[in-house]
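If you want the building blocks of each chain, they are given just below.
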Amino acid sequence: MYTKPLVRSWLLGNLVIALLCSACVSPGPKVRQEKEAAAPYNHDLVMGILWQQHSGEYAALCYQAFNAGKAYIASLPLGEKPAVVFDIDETLLDNSKYAAWMVCTGNPWGNDTWEAWCHAREADAVPGSRDFALFLREQGIELFYISNRPASTTASTIENLQSLGFPLADADHVFLQESTSDKNPRLDRIRALGYDILLLAGDSLEDFDSTTRKWTNQERRAWADAKKDGFGAYRIVLPNAVYGTFESAIVPNYYGLSLEEKARARLEKIHSWKPSAAQD
Ligand SMILES: [Mg+2]
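The structure presented is a predicted model; accordingly, all values stated were derived computationally and were not measured.

Caption draft 1: Representation of the side chain of Glu247 in the model. By the secondary structure assignment, Glu247 is in helix 11 (residues 245–248). Here Glu247 falls in the buried class, since its relative accessible area comes to 12%. Side chain to side chain, Glu247 and Tyr254 meet in a polar contact 2.5 Å long. Apart from the residues within four sequence positions on either side, Glu247 is in contact with Tyr41, Tyr254 and Arg266.

The following block contains the structure:
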(Lines give C-alpha, C1' and ligand atoms only; values in the text may rest on other atoms or scores of the structure.)
Protein backbone atom coordinates (compact mmCIF):
# COMPACT_ATOMS: atom_id res chain seq x y z
CA MET A 1 0.00 0.00 0.00
CA TYR A 2 1.34 3.40 -0.97
CA THR A 3 1.55 5.98 1.78
CA LYS A 4 2.92 9.47 1.58
CA PRO A 5 6.35 9.96 3.28
CA LEU A 6 4.84 12.21 5.98
CA VAL A 7 2.17 9.65 6.82
CA ARG A 8 4.74 6.84 6.77
CA SER A 9 6.98 8.66 9.25
CA TRP A 10 3.93 9.37 11.49
CA LEU A 11 2.96 5.69 11.45
CA LEU A 12 6.54 4.64 12.13
CA GLY A 13 6.82 7.11 15.01
CA ASN A 14 3.65 5.80 16.60
CA LEU A 15 4.84 2.23 16.18
CA VAL A 16 8.08 3.07 18.01
CA ILE A 17 6.16 4.82 20.81
CA ALA A 18 3.78 1.85 21.10
CA LEU A 19 6.71 -0.56 21.35
CA LEU A 20 8.42 1.59 23.96
CA CYS A 21 5.24 1.88 26.02
CA SER A 22 4.61 -1.84 25.86
CA ALA A 23 8.17 -2.37 27.14
CA CYS A 24 7.43 -0.02 30.06
CA VAL A 25 4.17 -1.57 31.15
CA SER A 26 4.97 -5.17 30.33
CA PRO A 27 8.18 -6.30 32.00
CA GLY A 28 9.42 -9.77 31.15
CA PRO A 29 8.07 -12.73 33.16
CA LYS A 30 11.22 -13.01 35.30
CA VAL A 31 11.19 -9.31 36.25
CA ARG A 32 7.46 -9.46 36.89
CA GLN A 33 7.86 -12.50 39.15
CA GLU A 34 10.66 -10.84 41.11
CA LYS A 35 8.57 -7.71 41.61
CA GLU A 36 5.49 -9.65 42.69
CA ALA A 37 7.59 -11.62 45.16
CA ALA A 38 9.28 -8.50 46.51
CA ALA A 39 6.13 -6.41 46.90
CA PRO A 40 5.01 -7.78 50.33
CA TYR A 41 8.57 -7.47 51.66
CA ASN A 42 8.88 -3.92 50.38
CA HIS A 43 5.58 -3.00 51.99
CA ASP A 44 7.13 -3.76 55.39
CA LEU A 45 9.42 -0.77 54.76
CA VAL A 46 6.66 1.82 54.43
CA MET A 47 6.28 2.86 58.09
CA GLY A 48 10.02 3.18 58.59
CA ILE A 49 10.39 5.28 55.44
CA LEU A 50 7.46 7.51 56.45
CA TRP A 51 8.98 7.97 59.89
CA GLN A 52 12.41 8.83 58.52
CA GLN A 53 11.14 11.20 55.83
CA HIS A 54 8.38 12.99 57.72
CA SER A 55 8.44 12.66 61.50
CA GLY A 56 9.75 15.36 63.77
CA GLU A 57 10.72 12.58 66.14
CA TYR A 58 13.26 11.19 63.68
CA ALA A 59 14.88 14.61 63.27
CA ALA A 60 14.79 15.17 67.05
CA LEU A 61 16.59 11.87 67.69
CA CYS A 62 19.29 12.79 65.16
CA TYR A 63 19.78 16.20 66.78
CA GLN A 64 19.87 14.52 70.18
CA ALA A 65 22.63 12.16 69.03
CA PHE A 66 24.79 14.92 67.59
CA ASN A 67 24.18 17.21 70.59
CA ALA A 68 25.44 14.41 72.82
CA GLY A 69 28.49 14.10 70.59
CA LYS A 70 29.21 17.82 70.85
CA ALA A 71 28.91 17.73 74.64
CA TYR A 72 31.20 14.72 74.84
CA ILE A 73 33.86 16.25 72.59
CA ALA A 74 33.65 19.56 74.47
CA SER A 75 34.38 17.68 77.70
CA LEU A 76 37.60 16.12 76.40
CA PRO A 77 41.16 17.35 76.44
CA LEU A 78 42.11 17.04 72.76
CA GLY A 79 45.44 15.42 72.03
CA GLU A 80 47.78 16.09 69.12
CA LYS A 81 45.94 14.18 66.43
CA PRO A 82 42.29 13.82 67.44
CA ALA A 83 39.92 12.17 64.97
CA VAL A 84 36.26 11.24 64.66
CA VAL A 85 35.05 8.41 62.42
CA PHE A 86 31.67 8.49 60.74
CA ASP A 87 29.70 5.75 59.08
CA ILE A 88 27.96 7.28 56.04
CA ASP A 89 24.57 5.70 55.26
CA GLU A 90 21.82 6.69 57.69
CA THR A 91 24.51 8.41 59.77
CA LEU A 92 25.29 11.32 57.43
CA LEU A 93 23.35 10.46 54.26
CA ASP A 94 19.63 9.71 54.16
CA ASN A 95 18.97 6.93 51.63
CA SER A 96 15.27 6.55 52.31
CA LYS A 97 14.43 7.53 48.73
CA TYR A 98 16.12 4.36 47.51
CA ALA A 99 13.98 2.27 49.87
CA ALA A 100 10.92 4.23 48.71
CA TRP A 101 11.85 3.43 45.12
CA MET A 102 11.78 -0.26 46.07
CA VAL A 103 8.27 0.17 47.48
CA CYS A 104 6.97 2.21 44.55
CA THR A 105 8.35 -0.05 41.82
CA GLY A 106 8.23 -3.44 43.53
CA ASN A 107 11.91 -3.97 42.85
CA PRO A 108 13.96 -5.93 45.40
CA TRP A 109 17.18 -4.49 46.86
CA GLY A 110 20.01 -5.20 44.44
CA ASN A 111 23.71 -4.45 44.12
CA ASP A 112 23.22 -2.84 40.70
CA THR A 113 20.35 -0.58 41.70
CA TRP A 114 22.04 0.36 44.99
CA GLU A 115 25.16 1.35 43.06
CA ALA A 116 23.01 3.35 40.63
CA TRP A 117 21.46 5.17 43.60
CA CYS A 118 24.93 5.93 45.02
CA HIS A 119 26.09 7.22 41.63
CA ALA A 120 23.01 9.44 41.39
CA ARG A 121 24.36 11.48 44.37
CA GLU A 122 20.83 12.38 45.44
CA ALA A 123 21.00 11.40 49.12
CA ASP A 124 20.04 14.16 51.54
CA ALA A 125 21.91 14.93 54.76
CA VAL A 126 20.75 13.39 58.04
CA PRO A 127 19.45 16.22 60.26
CA GLY A 128 22.25 17.84 62.24
CA SER A 129 25.01 15.77 60.66
CA ARG A 130 26.77 18.51 58.69
CA ASP A 131 26.63 20.94 61.61
CA PHE A 132 28.25 18.32 63.83
CA ALA A 133 31.00 17.70 61.26
CA LEU A 134 31.65 21.44 60.96
CA PHE A 135 31.73 21.76 64.77
CA LEU A 136 34.40 19.05 64.91
CA ARG A 137 36.50 20.81 62.27
CA GLU A 138 36.28 24.05 64.28
CA GLN A 139 37.90 22.10 67.14
CA GLY A 140 40.70 21.02 64.80
CA ILE A 141 39.50 17.41 64.74
CA GLU A 142 40.24 15.24 61.69
CA LEU A 143 37.26 13.48 60.14
CA PHE A 144 37.16 10.09 58.45
CA TYR A 145 34.24 8.52 56.63
CA ILE A 146 34.11 4.70 56.66
CA SER A 147 31.29 2.99 54.81
CA ASN A 148 30.45 -0.36 53.27
CA ARG A 149 29.24 1.27 50.11
CA PRO A 150 31.15 -0.44 47.28
CA ALA A 151 34.52 1.17 46.50
CA SER A 152 33.35 1.63 42.90
CA THR A 153 31.08 4.41 44.18
CA THR A 154 33.86 6.37 45.91
CA ALA A 155 33.89 9.36 43.53
CA SER A 156 30.10 9.66 43.54
CA THR A 157 29.89 9.28 47.33
CA ILE A 158 32.54 11.98 47.79
CA GLU A 159 30.65 14.28 45.42
CA ASN A 160 27.40 13.66 47.31
CA LEU A 161 29.06 14.45 50.64
CA GLN A 162 30.80 17.53 49.24
CA SER A 163 27.59 18.86 47.69
CA LEU A 164 26.01 18.75 51.16
CA GLY A 165 28.94 20.61 52.71
CA PHE A 166 30.70 17.84 54.63
CA PRO A 167 34.31 18.90 55.30
CA LEU A 168 37.32 16.74 54.40
CA ALA A 169 35.17 14.55 52.16
CA ASP A 170 37.94 13.44 49.80
CA ALA A 171 39.91 10.36 48.82
CA ASP A 172 42.20 10.68 51.86
CA HIS A 173 39.29 10.59 54.28
CA VAL A 174 36.58 8.47 52.64
CA PHE A 175 37.17 4.71 52.89
CA LEU A 176 34.55 2.52 51.24
CA GLN A 177 34.38 -1.27 51.11
CA GLU A 178 37.06 -3.01 49.09
CA SER A 179 37.83 -6.58 50.17
CA THR A 180 35.95 -6.82 53.46
CA SER A 181 32.93 -5.32 55.17
CA ASP A 182 34.87 -5.48 58.45
CA LYS A 183 35.64 -1.88 59.36
CA ASN A 184 38.44 -2.76 61.80
CA PRO A 185 41.25 -2.79 59.18
CA ARG A 186 40.18 0.67 58.03
CA LEU A 187 40.08 1.93 61.63
CA ASP A 188 43.56 0.45 62.09
CA ARG A 189 44.79 2.40 59.04
CA ILE A 190 43.65 5.61 60.70
CA ARG A 191 45.31 4.69 63.99
CA ALA A 192 48.50 3.76 62.11
CA LEU A 193 48.59 7.36 60.86
CA GLY A 194 48.87 8.42 64.50
CA TYR A 195 45.29 9.53 65.02
CA ASP A 196 43.51 9.13 68.32
CA ILE A 197 39.91 8.17 67.48
CA LEU A 198 37.78 10.01 70.03
CA LEU A 199 34.34 9.11 68.80
CA LEU A 200 32.55 6.76 66.41
CA ALA A 201 29.19 7.69 64.87
CA GLY A 202 26.95 5.12 63.18
CA ASP A 203 23.48 3.63 62.86
CA SER A 204 24.50 0.00 63.26
CA LEU A 205 26.29 -1.86 66.04
CA GLU A 206 28.98 -3.04 63.64
CA ASP A 207 29.95 0.61 63.11
CA PHE A 208 31.25 0.38 66.68
CA ASP A 209 32.33 -3.26 66.90
CA SER A 210 32.47 -5.30 63.72
CA THR A 211 32.36 -8.59 65.61
CA THR A 212 28.68 -7.94 66.34
CA ARG A 213 27.87 -8.41 62.65
CA LYS A 214 27.45 -12.17 62.88
CA TRP A 215 25.76 -12.27 66.23
CA THR A 216 22.16 -13.06 67.07
CA ASN A 217 19.95 -10.21 68.21
CA GLN A 218 20.06 -11.60 71.73
CA GLU A 219 23.85 -11.29 71.68
CA ARG A 220 23.65 -7.83 70.10
CA ARG A 221 21.26 -6.69 72.83
CA ALA A 222 23.61 -8.08 75.48
CA TRP A 223 26.52 -6.19 73.88
CA ALA A 224 24.51 -2.95 73.89
CA ASP A 225 23.55 -3.52 77.54
CA ALA A 226 27.18 -4.10 78.50
CA LYS A 227 28.35 -0.97 76.67
CA LYS A 228 25.47 1.29 77.71
CA ASP A 229 27.61 4.00 79.31
CA GLY A 230 29.45 4.68 76.04
CA PHE A 231 26.35 5.59 74.01
CA GLY A 232 25.90 9.32 73.66
CA ALA A 233 29.57 9.67 74.55
CA TYR A 234 32.25 8.02 72.40
CA ARG A 235 29.60 6.07 70.51
CA ILE A 236 26.95 8.18 68.82
CA VAL A 237 24.01 6.16 67.49
CA LEU A 238 21.68 7.45 64.77
CA PRO A 239 18.15 6.01 64.32
CA ASN A 240 17.39 3.72 61.38
CA ALA A 241 14.06 1.88 61.35
CA VAL A 242 14.18 0.96 57.65
CA TYR A 243 17.00 -1.57 57.48
CA GLY A 244 19.95 -2.98 59.37
CA THR A 245 21.69 -6.12 60.55
CA PHE A 246 19.00 -6.54 63.19
CA GLU A 247 16.83 -7.93 60.38
CA SER A 248 19.19 -10.65 59.22
CA ALA A 249 20.04 -11.45 62.84
CA ILE A 250 16.53 -12.65 63.64
CA VAL A 251 17.24 -16.22 62.44
CA PRO A 252 20.32 -18.10 61.20
CA ASN A 253 20.85 -18.04 57.43
CA TYR A 254 18.22 -15.32 56.93
CA TYR A 255 19.62 -14.40 53.53
CA GLY A 256 19.27 -18.03 52.43
CA LEU A 257 15.50 -17.91 52.94
CA SER A 258 12.91 -17.18 50.30
CA LEU A 259 11.03 -13.88 50.53
CA GLU A 260 8.01 -15.73 51.94
CA GLU A 261 10.14 -17.52 54.54
CA LYS A 262 11.74 -14.22 55.55
CA ALA A 263 8.32 -12.61 55.98
CA ARG A 264 7.20 -15.56 58.13
CA ALA A 265 10.38 -15.40 60.21
CA ARG A 266 9.84 -11.68 60.86
CA LEU A 267 6.24 -12.23 61.95
CA GLU A 268 7.20 -15.12 64.22
CA LYS A 269 9.78 -12.96 66.00
CA ILE A 270 7.50 -10.16 67.16
CA HIS A 271 6.26 -10.39 70.74
CA SER A 272 2.51 -10.13 70.90
CA TRP A 273 0.17 -9.24 73.72
CA LYS A 274 -1.92 -12.24 74.81
CA PRO A 275 -4.99 -10.88 76.59
CA SER A 276 -6.51 -13.12 79.26
CA ALA A 277 -10.03 -12.72 77.80
CA ALA A 278 -10.56 -14.89 74.74
CA GLN A 279 -10.10 -12.73 71.66
CA ASP A 280 -8.96 -13.21 68.13
MG1 LIG B 1 24.99 3.06 58.12
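Following the structure, the description resumes.
Caption draft 2: A look at the packing of aromatic side chains. Applying the stated criterion across every chain yields a total of 14 aromatic pairs. For the pair Tyr98 and Trp114, a centre-to-centre distance of 5.3 Å together with 75° between the ring planes defines the contact as edge-to-face. Separated by 16 residues along the polypeptide, Tyr98 in helix 5 (residues 96–105) and Trp114 in helix 6 (residues 111–120) bring together distant segments of the chain. One exposure class covers both Tyr98 and Trp114, and it is buried. Ring centres of Phe144 and Tyr195 lie 5.2 Å apart, and the angle between their planes is 70°; on these two criteria the pair is classed as edge-to-face. On the criterion of sequence distance, the pair formed by Phe144 in strand 4 (residues 142–150) and Tyr195 in the loop between helix 9 (184–192) and strand 6 (196–202) is long-range, its members being 51 residues apart.

Basis of the calculations
Residues numbered from 1 in each chain as written. Predicted model: local features only at pLDDT ≥ 70, side-chain atom pairs only at ≥ 80, totals over all residues. Heavy atoms only, no water. Helix = DSSP H or I, 4+ residues; strand = E, 2+ residues; numbered from the N terminus. Buried < 20%, exposed > 50% of the residue type's maximum accessible area, 1.4 Å probe, protein only. Polar contact = N/O pair within 3.5 Å; in protein donor to acceptor, adjacent residues only side chain to side chain. Contact = heavy atoms within 4.5 Å. Phe/Tyr/Trp six-rings, centres within 6.5 Å; stacked < 30°, edge-to-face > 60°.

Purely geometric numbers; function is a separate question.
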